[in-house]
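Okay, here's what each chain looks like letter by letter:
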Amino acid sequence: MSKPQSDVDKRKQISVRGIAQLEDVNEIKKDFNRHLHYTLVKDRNVATVRDYYFALAHTVKDHLVSRWIRTQQYYYERDPKRVYYLSLEYYMGRSLQNTMINLGIQTSCDEAMYQMGLDIEELEELEEDAGLGNGGLGRLAACFLDSMATLGMPAYGYGIRYEYGIFAQKIRNGEQVEEPDDWLRYGNPWEKARPEYMIPIHFYGRVIDTPEGKKWVDTQTVFAMPYDNPVPGYGNNVVNTLRLWSAKSPIDFNLKFFNDGDYIQAVLDRNLAENISRVLYPNDNFFEGKELRLKQEYFMCAATLQDIVRRYKASKFGSRDAVRTSFDDFPNKVAIQLNDTHPSLAIPELMRILIDDEKLSWEQAWGIVVRTCAYTNHTVLPEALERWPVSMLQSILPRHLEIIYHINFLHLQEVEKRFPGDCGRMRALSLVEEDGEKRINMANLSIVGSHAVNGVAAIHSEIIKKDIFKCFYELWPQKFQNKTNGITPRRWLLLCNPGLSDLIAEKIGDQWPVHLEQLQQLKQWAKDPTFQRAVARVKQENKLKLVQLLERDYGVKVNPASMFDIQVKRIHEYKRQLLNCLHIITLYNRIKRDPTANFTPRTIMIGGKAAPGYYIAKQIIKLICAVGNVVNNDPIVGDKLKVIFLENYRVTLAEKIMPAADLSEQISTAGTEASGTGNMKFQLNGALTIGTLDGANVEMAEEMGNENIFIFGMTVDEVEDLKCRGYNAYDYYNSNPDIKQCVDQIQSGFFSPGNPHEFQDLANVLLKYDRYYLFADYESYIKTQDRVSAIYQDQAKWLEMSINNIATSGKFSSDRTIAEYGREIWGIEPSWEKLPNPGSAK
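Residues numbered from 1 in each chain as written. Predicted model: local features only at pLDDT ≥ 70, side-chain atom pairs only at ≥ 80, totals over all residues. Heavy atoms only, no water.

This brings us to the overall build of the protein chain. Within the protein chain, the secondary structure is distributed over 33 helices and 25 strands. For 842 residues, the compact-globule formula gives about 28 Å, and the C-alpha radius of gyration of the protein chain, at 28 Å, lands near that figure. Here the C-alpha coordinates of the protein chain stretch approximately 90 × 80 × 70 Å along the principal axes. Residue pairs at least 24 apart in sequence account for 76% of intrachain contacts in the protein chain once pairs closer than 6 positions are excluded. On the protein chain, the mean spot of the 100 positive side-chain charges and the mean spot of the 110 negative ones are 3 Å from each other. (Helix = DSSP H or I, 4+ residues; strand = E, 2+ residues; numbered from the N terminus. Rg over C-alpha atoms; globule rule 2.2 N^0.38 Å. Contact = heavy atoms within 4.5 Å. Lys, Arg positive; Asp, Glu negative; His and termini not counted. Charge placed at Lys NZ, Arg CZ, Asp CG, Glu CD.)

So, in structure tokens, the structure goes:
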């Protein structure tokens, strides 16, 4: 047993730490000035605040680089099995603060900037969000990269370096307006271009038979230029890589262009090739958009697969350096995870490489592909499943269409053997859909070409087995798994909520950021008045910060003692922001009926982007803004109720919202939300959830107990039963006076006096075309909201529930999710090994 430290020993240790930090601070100041002078070519007389941000970013990146190189050397020496995570979206947010935290240099950087008369928070605010995702799927990919690095997994993210991310949302006259998200306009200090690894990507052309086999000829070529971004693990000196591809024109310029007079046209034609990585598509409503999206998907898959094969061949193995020529070991060294169907073309592309380029037999190649690839499904909504027209594939990717047809032919032969004469099953299991325009079902291709298929929450995984992919589950039950989503506790607590992080560390130590299950220990203080007061104080400080932001950005004065009731996510009918809006209108009508009644003050905030072509979603935003305009300007309401639509919701804004939230709205129709991860971020930061038994809400309720969550509405089975019986919205409208009043106000112009018919289409959705059964859940929702209000007035009870939420959020760490992927799909164990510090001996 170790001897307890004496006070002298402790003082010596603190002194040594102080000297080390002083050296760090001085080093950071020196590096900062060096970058200001030599990288940015500025001095303090002419430098702007943005220059200071870039100088700090380059300084922090210096601390990454040796770790980054050392990590890649380590992987080369050990030649482990590597994970390749393919995603068309990465919603990374900002990198500066996250990198400082993961490297353990935040305090030193903060002190260095202070000594130089600079405010580090002001510098952090100047970093552009890398908005390369639409919502949950892209943010999940970002959390997974963080966890793979923190767990020491040899992993690479692959995606597209969109020049313009998802649009910046502006609210003008209560309507969403899209502006370009030009996130690269000032440059990106974190990325490193790698032109030496540029890869040719082919489109169009035709397929010919040759004595050596099939050949894809007469193609148009675009080059994929890689940009590498570091992904640091937390406190372990591991730095993995996110490689993003940018499209570059293959056109070489020479003097003949001048002679032919085609020089200008040749320059302009470069743009056509480079459009592939120009912009992230938020929706696919137009044919042009679809064609470009297909090109984006193939571009990413083809570049990535060629890169994976190059790395596999060049890896060090055995006792000597050599080029691998056999692909027998490929599935033992490579794991490819398809994040939804967007990268599903990786399956026929890997087949093309193995058969056409590497001359493997079909049987060999197919065995390798299936053992290597795995597929994550993210949605149960039929309209969201990708189906590419055969005519488009025939034009753009003729060789891949041939391969897909042959995969389908052999697959259906197996189905016929298992289920002879079952035409209905054959149709359901086919990769080719023959109804109407002939299409390829990319989800079916992903299942057939993968050894593992997973949903992202327990209830979602059951739905895909029993409903969406029922026939595939009956064919291959062993393929189907569940991997409940998670979030990284580094960004979603340590970074965004330092007050709560410090409070937790005082109670249970500082290992919880990598062992989130340790938060269970907090349960013992859930009823402790002293700890409750400390949690309440942190929450109030976070709310006050948000109040300042709301007043500055929206001109709305908010009551900081009110309940902060928040729903932030993509605007979509299934997420039911419209149900939230009905609740707002109901509360408003109650206050107007009896202004003196006991009322729990609320500030209701709704945020999220609607796809530019999604008319109803944009109308929902417009209605929320119109209702807010009436409510916020009614003197009778005062500060009892405020409504704010949060403009341009993104990762950086989420980091300010989650710590300040009291109530989290997770109110999708049961059976429609695959998982959700916003629900987990709110829970981790101590907000209570009102929600349906949908997605990860089910498992959250299991972890914390129903007494610590507000569950309402129909279950999945009850929704199905209602669908079978037939849903008539008018039955509810005619029998519930509150619903009738809300709908009448919406369609009479009460909230749009300048245009009485402004929201008639929304009224029609509610009364005639509602696929998400809002009125069926309305009464349960309102009653549960009343219970929320009552408990909020009992702050001791509310804080007890809040602490229990925090204490039971350990399951929802992305570290747990990634460890499960590693063990059960990729065949890779997490490694908690810490790599040596840079500068130390190998």
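Let's shift gears to the domain arrangement of the protein chain. Each domain of the protein chain was delimited in the assignment, giving domain 1 (18–78 + 94–127), domain 2 (81–93 + 128–485) and domain 3 (498–513 + 535–707 + 773–814). For domain 1 versus domain 3, the distance between C-alpha centres works out to 36 Å. (Domains from an automatic or database assignment.)

Let's shift gears to the UniProt feature "modified residue: N6-(pyridoxal phosphate)lysine" (unreviewed entry) in the protein chain. Mapped onto the present numbering, the UniProt feature "modified residue: N6-(pyridoxal phosphate)lysine" (unreviewed entry) falls on Lys681. Here Lys681 shows up in helix α25 (residues 678–684). A relative accessible area of 6% places Lys681 in the buried class. Here Lys681 is in contact with Arg139, Ile487, Trp492 and Met658, once residues within four sequence places are set aside. (UniProt positions renumbered as here; feature names shortened; annotations may be inferred. Buried < 20%, exposed > 50% of the residue type's maximum accessible area, 1.4 Å probe, protein only.)

Here the focus is the pairing of strand β22 (residues 641–646). Counting buried positions along β22 yields 6 of 6 residues, so the element is predominantly enclosed. The alternating pattern of β22 places Leu641, Val643 and Phe645 on one face and Lys642, Ile644 and Leu646 on the opposite face, and all of these are buried. In the sheet, strand β21 (residues 602–607) pairs with β22 via 6 bridges, with the strands oriented parallel. Each residue of the ladder has a partner; that of Ile606, found in β22, is Phe645. (Pairing = 2+ DSSP bridges.)

On to a negative patch on the surface. Taken together, the side chains of Asp110, Asp119, Glu121 and Glu122 present a region of like negative charge at the surface. Turning to its location among the elements, Asp110 is positioned in helix α4 (residues 106–115). (Patch = residues over 30% accessible without salt bridge, like charges linked within 9 Å, V, L, I, M, F, W, Y side chains within 5 Å. Areas by Shrake-Rupley, 256 points an atom, 1.4 Å probe, with all protein chains shown as cover. Salt bridge = Lys/Arg side-chain N within 4 Å of Asp/Glu carboxyl O.)

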